[in-house]
Amino acid sequence: MRVAVVFHKNPFAAPTGIDLVRLRAITSGLIIRGIETNVIAPVQHSGMLDGNIPVYGLNHFQESAPYDIVKTCYHDSIKLVPTKNKNIVSRIVRVVDSTFPERDNFFRTKLLECQKLICDRAVIVIFNNEENRSRWIKFYGGSAQTEIVPTGCPLVIPPPIRNPYHTHKKILLFLGSVAAVRILHMLNQLAEYMTDVAEIHLVGLNKAGMYGAGSGCELSPLIVNHGQKPEHDTWDYIYHADAGLAFATGPQPFDNDMSKIYSYLRGGLPILSEEPILNNELVVGLQYGSVFGYGDLAALISRCRTLLINPPIQKKDHVMERMAADYSWDRRVDRYIELFKQLVGHGF
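Note that the structure is predicted; figures quoted are calculated from it, not measured.

What follows is about the sheet that holds strand β12 (residues 243-246). Here six strands make up an open sheet; going across it, the order is β11-β10-β9-β12-β13-β14 and the pairing parallel. Edge positions in the sheet fall to β11 (224-225) and β14 (289-292), since each of these pairs with one other strand and no more. Taken together, the two bridges between strand β10 (residues 198-203) and β11 define a ladder with parallel strand orientation. Within β11, the position partnered with L202 by the bridge is N225.

One can describe the packing of helix α5 (residues 181-193) onto helix α9 (residues 297-309) by two numbers: an axis separation of 11 Å at closest approach and a directional angle of 50 degrees. Taken together, the axes of α5 and α9 lie oblique to each other. Regarding α5 and α9, the two cross each other, and that crossing is right-handed. Counted together, M186, Q189, L190 and Y193 of α5 and L297, L300, I301 and R305 of α9 form the full contact between these two elements. When its residues are assigned to classes, the contact of α5 with α9 shows six nonpolar, one polar and one charged.

Further remarks concern the pairing of β14. Looking at chain direction, strand β13 (residues 271-274) and β14 are connected through four bridges and run parallel. By the bridge assignment, I271 is partnered in β14 with G289. On the question of chirality, the crossover connecting β13 to the parallel β14 by way of helix α8 (residues 280-286) is right-handed.

If you look at the biggest cluster of nonpolar residues, it comprises 31 residues, and the most contacted ones within it are L173, I261, L265 and M323. Every element with two or more residues in this core is listed here: β9 (170-175), α6 (231-239), α7 (260-266), α8 and α10 (316-326).

Let us look at unusual backbone geometry. A cis geometry characterises the amide bond from F100 onward to P101, with omega recorded as -10 degrees. On the secondary structure map, P101 appears in the loop between β6 (88-92) and α3 (108-121). The omega torsion of the bond from E275 to P276 falls at 5 degrees, within 30 degrees of zero and hence cis. Mapping P276 onto the fold places it in the loop between β13 and α8. Phi angles above zero are rare outside glycine, and N87 is one such case at about 50 degrees. Mapped onto the secondary structure, N87 falls in the loop between β5 (69-72) and β6. For N87, a relative accessible area of 24% puts it in the partly exposed group. The phi dihedral of Q287 falls on the positive side, at around 50 degrees, and the residue is not glycine. Tracing the backbone through its elements, the reader meets Q287 in the loop between α8 and β14. Q287 sits in the exposed class, given a relative accessible area of 54%.

Thresholds applied
- Residues numbered from 1 in each chain as written.
- Predicted model: local features only at pLDDT ≥ 70, side-chain atom pairs only at ≥ 80, totals over all residues.
- Heavy atoms only, no water.
- Pairing = 2+ DSSP bridges.
- Helix = DSSP H or I, 4+ residues; strand = E, 2+ residues; numbered from the N terminus.
- Axes fitted to C-alpha atoms, helices over the stretch in contact; angles between N-to-C directions.
- Parallel < 35°, antiparallel > 145°, perpendicular 65-115°, else oblique.
- Left-handed = near helix turned anticlockwise from the far one by under 90°.
- Contact = heavy atoms within 4.5 Å.
- Nonpolar A, V, L, I, M, F, W, Y, C, P; charged D, E, K, R; others polar.
- Right-handed = clockwise from strand over helix to strand, strands pointing away.
- Core = buried A, V, L, I, M, F, W, Y, C linked by side-chain atoms within 4.5 Å.
- Buried < 20%, exposed > 50% of the residue type's maximum accessible area, 1.4 Å probe, protein only.

Structure, rendered in C-alpha cells:
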C-alpha cells in the first residue's frame, strides 16, 4: 500500500503547532507499521521530516507511480490533489456554513469551496467529533463514508528537563494558538484578576488578529508570551505549570474541539475549561480539573483559585496512564489503517 498525505503548507518551515504534531504522528505511525507513506506539500526541495518521513513537492504526483490512498489533512489540502487521483480520504476540523462560525467570515468563501470539492471527490471524510460529522451529513448528504478519528496524544513523552518559568507565583498555562478574539479577552481579564497569586504563560501564537479587527488584539503585558515551541520542548511547560487553560472560540460546540486538552492531561496538568468545549467530557470523566460556564469570568476566577489551592495531585499518575492507554496517536493510526484496508483490501 502506498499512501500520500497531502499537507497544505511547508512542514519544514515552522515550529510545531498541532497541525504539524498530527502530521508527524500519523505519518510516522503508518511508516512504523510498514506502510509506504510520503508527505506531499508545497515545498521547493524534497527532504526528510524527523529523519524518517519523506516529503516531496507537488510535482511528485506526476513523477511517481500512483498512490493507493491520498489523505488530505485540512480544507486547503484538497486543492493540491490532481483530479486523476482516486481513493481520497479527507479530514476536516470544522464544517463551516453560510453563517457559522462567525470568526471564519474572512475565509468563508474559500472554506465552502473546499468543502464542495471534498464532497465531490472524497470517498471517506474524517472528523474529530460527532458534531462536525452530523453537520457534514446535514449539508452534504451521505454520499461519502464519514468516520470519526479524534485528536490524540503521544504514547511516550520525554522526561522533565528544566523548569522554564522564573517566578514564585503559580503558573496558568495556555498552550496553542489564541484563535479567537474572545479567547484573547478571557486571557487578558484572567491575568488581571489573578495577578496576586498567578501568572498566565502563553506557549503558542496569538492569532486573534486573523479572526477580528487588528486593534484590540494585543496580549496583556501581564501575560508572559513564550511564542511557539517545538513539541519536545512544550512538555517542560506542561510539567512545571499548575493548571492548563482552555477557552471556547465561540458558543457553537462544533467549533470547540480543543486538542490542547489531550496534551494537558497526558502531561498530568489539571485543567480549567470553558463550556461548550467538546473535550470537557475528558476533564469531567477523569475528574481532573473544572469546567465553567461560557463567558462566566467570576466562576473561572473562583474555580481557578480553588484548583491552585487544592490540586488533584493524587490522580496525576492515573490520568497520565489513562491518556497513554486510551487516547494515543498509535490508536488513531490503527483506525486509519482499518479505513485504508476497506478501500484497497488487506494485501499490503
